[in-house]
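# Notes for the structure review
These are the residues of each chain, in order.
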Amino acid sequence: MTTATQSDPLDEFSRAEAAAEFIRSKTALRPEIALVLGSGLGDFADGMADAVRIPYGEIPHFPRSTAIGHAGRLVVGRIAATPMAVMQGRVHLYEGHSIKDVAFPMRVFGRLGIRAVILTNAAGGLSSDLHPGSLVLIRDHLNLQGASPVSGPNDERFGLRFFDMTTAYDPEFRRIAQEEAKRLGLWLGSGVYAALPGPSYETPAEIQYLKKIGVDLVGMSTVPEVIVARHMGIRVLAISCVTNLAAGLSQQAINHLEVLEIGARVQKELVALLTAVIPRMAATLALERKA
Ligand code: HPA
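Cut-offs applied
- Residues numbered from 1 in each chain as written.
- Predicted model: local features only at pLDDT ≥ 70, side-chain atom pairs only at ≥ 80, totals over all residues.
- Heavy atoms only, no water.
- Helix = DSSP H or I, 4+ residues; strand = E, 2+ residues; numbered from the N terminus.
- Rg over C-alpha atoms; globule rule 2.2 N^0.38 Å.
- Buried < 20%, exposed > 50% of the residue type's maximum accessible area, 1.4 Å probe, protein only.
- Contact = heavy atoms within 4.5 Å.
- Areas by Shrake-Rupley, 256 points an atom, 1.4 Å probe, with all protein chains shown as cover.
- Lys, Arg positive; Asp, Glu negative; His and termini not counted.
- Charge placed at Lys NZ, Arg CZ, Asp CG, Glu CD.
- Core = buried A, V, L, I, M, F, W, Y, C linked by side-chain atoms within 4.5 Å.

The subject of this paragraph is the overall build of the protein chain. From N to C terminus, the protein chain includes 6 helices and 9 strands. In summary, the protein chain has a C-alpha radius of gyration of 18 Å against a globular reference of 19 Å for 291 residues, a match within 12%. With respect to the three principal axes, the spread of C-alpha positions in the protein chain is 50 × 45 × 35 Å. Going through the 291 residues of the protein chain one by one, you find that 52% of them count as buried. Within the protein chain, contacts between residues at least 6 apart in sequence are counted, and of these 82% link residues at least 24 apart. Working note: accessible area of the protein chain is about 12,400 Å², and carbon and sulfur atoms make up 54% of it. Of the charged side chains in the protein chain, 29 are positive and 29 negative; the average position of the first set lies 4 Å away from that of the second.

And the structure:
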């Protein structure tokens, strides 16, 4: 099944393959783990070894990010000796991209041979123990963006039409992250993330509703990428950086620059955690390959 249109003669699979081929031509590294750095968290990629930096605009068919705080380039290099493909910035539904385009980089990762992805984001916290600066593992999500990146004809080369989401947030990777956080003396929470369309932050009434339906974290990203990653069998670890209490839960209005500032402040902890977690994820994948 293909989904080519007259305006874009290539189907999604061929576009993903072309983008992956371009990335392969730029580096000899063949990463199996990808990392997406959210708002205010992008600096991590600056310290990578053997790095090749590719602006999204150069990668065939790749969507371009316009959000402030998102550099918009792919860095392929090593973190803790592990080859990694790192997105410094992502695109969002609110920028006017289709939800398929938002998740397209995951399609490219699938074609690149990526087997696990770490997604990070900035999020509002809905409970009082999630103060600004907290790192929280996402254990489940609610897709409240009103669309799915896998709607429309299914291309079996990517994955099955219907696929399971009960363990979308990989239990083994979550266990590893909790163990490493404990070892490093970092507080790491666990919560349910709701993705909303944005770009307006939520109203206090919306936050009260989200609290009632079991939401701990609210943001405008990640869920489309998780759905597409799972469609392709890519294992997922997702970490939110709480940058503010959600609307109406504090006296303060929510401000994007503060979101970026808190993200920047917590980066050091996130870097320490990821640097410890990544080699263990790589070891898990190596064992899985042998099995
Ligand atoms: N709501 C939605 N997205 C966000 C928030 C928020 O409060 N903070 C950071 N990203």
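Still to come is the rest of the account.
Attention now moves to the nonpolar core. Counting 46 residues, the largest nonpolar core has Leu 74, Met 106, Phe 109 and Val 117 as the members making the most contacts within it. Considering each element in turn, this core owes the most residues, 6 residues, to helix H2 (residues 99–112). For Met 106, the residues in contact, after removing those within four places along its chain, are Val 36, Met 87, Val 117, Leu 119, Glu 225, Val 228, Ala 229, Met 232 and Ile 234. Phe 44, Val 86, Ile 176 and Ala 181 belong to the second-largest nonpolar core, a separate cluster that totals 32 residues.

Right, let's talk about the side chain of Glu 225 for a bit. Tracing the chain through its elements places Glu 225 in helix H5 (residues 223–231). For Glu 225, a relative accessible area of 2% gives the class buried. In this structure Glu 225 touches Val 36, Arg 90, Val 102, Ala 103, Met 106 and Leu 119, once residues within four positions along its chain are discounted.

So far we have only geometry, and geometry alone does not tell us how the molecule works.
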